[in-house]
Amino acid sequence: MSADMRDGWRTALAAVAVLALVSCAGSESAAPAPSHSRSGPSDPIALVGMWTLTGVGAEAGTVVGLTPAALTIYRSCGELRASWSADSQGLFIADVMGSSGGCDPETRVAWLNQATGYRLDGSSHAVLLDGDGETVARLAASSAPPRPDRESFEVTDEFRRSFDSPAALPPGLTPADRRELAGRWEPVRGGSAALQQPYLEFRADGRWSGSDGCNGSGGGWVVGPAGTLLATSGISTLVGCDNIPVGDWLSAARRAGFDGAMLVLLDQDAEELGRLHRASRFGRIG
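Residues numbered from 1 in each chain as written. Predicted model: local features only at pLDDT ≥ 70, side-chain atom pairs only at ≥ 80, totals over all residues. Heavy atoms only, no water.

I keep staring at the layout of surface pockets and nothing clicks. Help me out?
Taking a probe equal in size to a water molecule and rolling it over the atoms shows the remaining empty space. Here the second largest pocket is characterised by a volume of approximately 320 Å³. Taken together, 22 residues line the second largest pocket, and the ones lying closest to its centre are Thr116, Asp130, Gly131, Arg178 and Val222. Listing elements by their share of the lining of the second largest pocket, those giving two or more residues are β6 (92–101), α2 (110–114) and β15 (216–223). Top contributing element to the lining of the second largest pocket by residue count: β15, with four residues. (1 Å grid on protein atoms, 1.4 Å probe; cavity = no way out; pocket = protein on both sides within 12 Å on 5 of 7 lines; lining within 4 Å. Points joined across faces, edges and corners; volume = space filled by probe spheres on them. Helix = DSSP H or I, 4+ residues; strand = E, 2+ residues; numbered from the N terminus.)

I'm lost on the nonpolar core in this one. Help?
Among soluble globular proteins, nonpolar side chains are generally buried collectively. Grouped together as the largest cluster of nonpolar side chains are 36 residues, with contacts concentrated most on Leu47, Leu71, Trp84, Phe92, Trp111, Leu112 and Leu128. By residue number, the principal contributor to this core is strand β5 (residues 78–86), which donates four residues. In terms of nonpolar packing, the next biggest core, distinct from the first, is built from 20 residues, Trp208, Ala231, Val246 and Leu250 among them. (Core = buried A, V, L, I, M, F, W, Y, C linked by side-chain atoms within 4.5 Å. Buried < 20%, exposed > 50% of the residue type's maximum accessible area, 1.4 Å probe, protein only.)

Please explain the packing of aromatic side chains as it appears in this structure.
Two numbers describe a pair of aromatic rings. These are the distance of the centres and the angle of the planes. Evaluated as defined, the whole model comprises six aromatic pairs. Where Phe202 meets Trp221, the ring centres are 5.1 Å apart and the plane angle is 70 degrees; that geometry is what we call edge-to-face. With Phe202 in strand β13 (residues 199–202) and Trp221 in strand β15, the pair connects residues that are 19 residues apart, well separated along the chain. On the basis of relative accessibility, which here comes to 1%, the residue Trp221 falls in the buried class. By way of ring pairs, the aromatic residues Trp84, Phe92, Phe159 and Phe163 are connected into one cluster. (Phe/Tyr/Trp six-rings, centres within 6.5 Å; stacked < 30°, edge-to-face > 60°.)

How should I be thinking about the pattern of salt bridges in this particular structure?
Applying the stated criterion across every chain, the model contains five salt bridges. Residue Glu272 is joined to Arg275 by a salt bridge in which the shortest nitrogen-to-oxygen separation is 2.8 Å. Look at Glu272 and you get partly exposed, because its relative accessible area is 43%. Assessed through its relative accessible area of 23%, Arg275 is described here as partly exposed. Residues participating in the shared-partner salt-bridge network are Asp259, Glu272 and Arg275. (Salt bridge = Lys/Arg side-chain N within 4 Å of Asp/Glu carboxyl O.)

I'm lost on the sheet that holds strand β12 (residues 183–187) in this one. Help?
To summarise the sheet geometry, strands pair through backbone hydrogen bonds and adopt either a parallel or an antiparallel arrangement. Spatially, nine strands are ordered β11-β17-β18-β19-β12-β13-β14-β15-β16 in an open sheet, and the strand pairing comes out antiparallel. With partners counted over all chains shown, the strands left at the sheet margins are β11 (174–175) and β16 (229–231), one partner each. When β12 meets strand β19 (residues 272–278), the two strands line up antiparallel, connected through three bridges. Within β19, the position partnered with Glu186 by the bridge is His277. (Pairing = 2+ DSSP bridges.)

Just checking my understanding: could you explain empty space enclosed by the protein for this structure?
Following the criterion strictly, the structure yields three cavities of 30 Å³ or more and no others. Considering only enclosed or pocket space, the largest cavity measures out at about 100 Å³ in volume. Surrounding the largest cavity, 13 residues form its lining, Asp87, Asp164, Pro166, Leu230 and Arg254 being those nearest its centre. Partitioned by chemical class, the residues of the lining of the largest cavity number five nonpolar, five polar and three charged. (Nonpolar A, V, L, I, M, F, W, Y, C, P; charged D, E, K, R; others polar.)

How do you make sense of the environment of Asn243 when you look at a structure like this?
Considering the arrangement of structural elements, one finds Asn243 in the loop between β16 and α5 (246–252). Here Asn243 is in contact with Asp212 and Cys214, once residues within four sequence places are set aside. Side chain to side chain, Asn243 and Asp212 meet in a polar contact 2.8 Å long. (Contact = heavy atoms within 4.5 Å. Polar contact = N/O pair within 3.5 Å; in protein donor to acceptor, adjacent residues only side chain to side chain.)

Quick question: what am I supposed to make of the environment of Glu79 here?
Note that Glu79 resides in strand β5. For Glu79 and Gly102, which are 23 residues apart along the polypeptide, the C-alpha to C-alpha distance reads 8.3 Å.

What am I meant to see in the state of the cysteines here?
Disulfide: a covalent bond formed between the sulfur atoms of two cysteine residues. Scanning the entire structure with this criterion turns up one disulfide. Across the disulfide from Cys77 sits Cys103; the S-S distance is 1.9 Å. The disulfide joining Cys77 to Cys103 has a torsion of about 90 degrees about its S-S bond and is therefore right-handed. On the criterion of sequence distance, the pair formed by Cys77 in the loop between β4 (71–75) and β5 and Cys103 in the loop between β6 and α2 is long-range, its members being 26 residues apart. Judged by relative accessible area, which is 7%, Cys103 ranks as buried. (Disulfide = S-S within 2.5 Å.)

Sorry, what's going on with the pairing of β12 here?
Within a regular beta strand, the side chains point alternately toward one face of the sheet and then the other, so they alternate between its two faces. For β12 and β13, the ladder comprises three bridges, and the chain directions are antiparallel. Following the sheet pairing, Gly183 is matched in β13 by Phe202.

Have a look at this one:
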């Protein structure tokens, strides 16, 4: 094959790869730079790709990669790896859960911790927003990832379905909001044989902590209109006991509602995951 023919094939294949990113059918391999030609103001799939931070002080110029598996912040010390989630209503949440190289996994990333929403801005920019709708970071479409052999931008059907709008709350439930969720909650049933009282605690700063009765966990949370809910979960211990998987309930929850004073967590299909009641001030802790 001649050099001209090889160049022609390379050009054709590159065009196919770009078209695959914006196609709605089947599994697709996203090009590293985000493509928003089909996107509305809140299209979570369009966040997948490589970005450069702009307008965030000392971190301006930092490269950030969003794959279906993780959000990666590339720094001179190495990498910070975060779990992330978003929805079509503009909610966004991310939480650092690990690192590589010399980066400290406990590093506080102010702009990431403050982000509870996003907006696509034009064909190659995105904006992360805090709870008051103020900009905490601006993202500009970037080039290939620093480690292209490891990053996978493939957007599968399963990943795409995970961003479908959740089913409505069942009749009889009222949507939860940020103010009502704040505080400590305990499962209605079970946990009596656990090492400590299982619980979930939603803090006003957008962080949550909890225990299944044996293992502690935590992450970030954000609630939107009609009780829509997103939460991230970090690393947990793996102690075995008669536990209640409240952290798993929260990670899988897409809506939260109230049945009277009882908190009900529901998955994307509005199937009930668990029920919790507000904890008394002095609950069992051990």
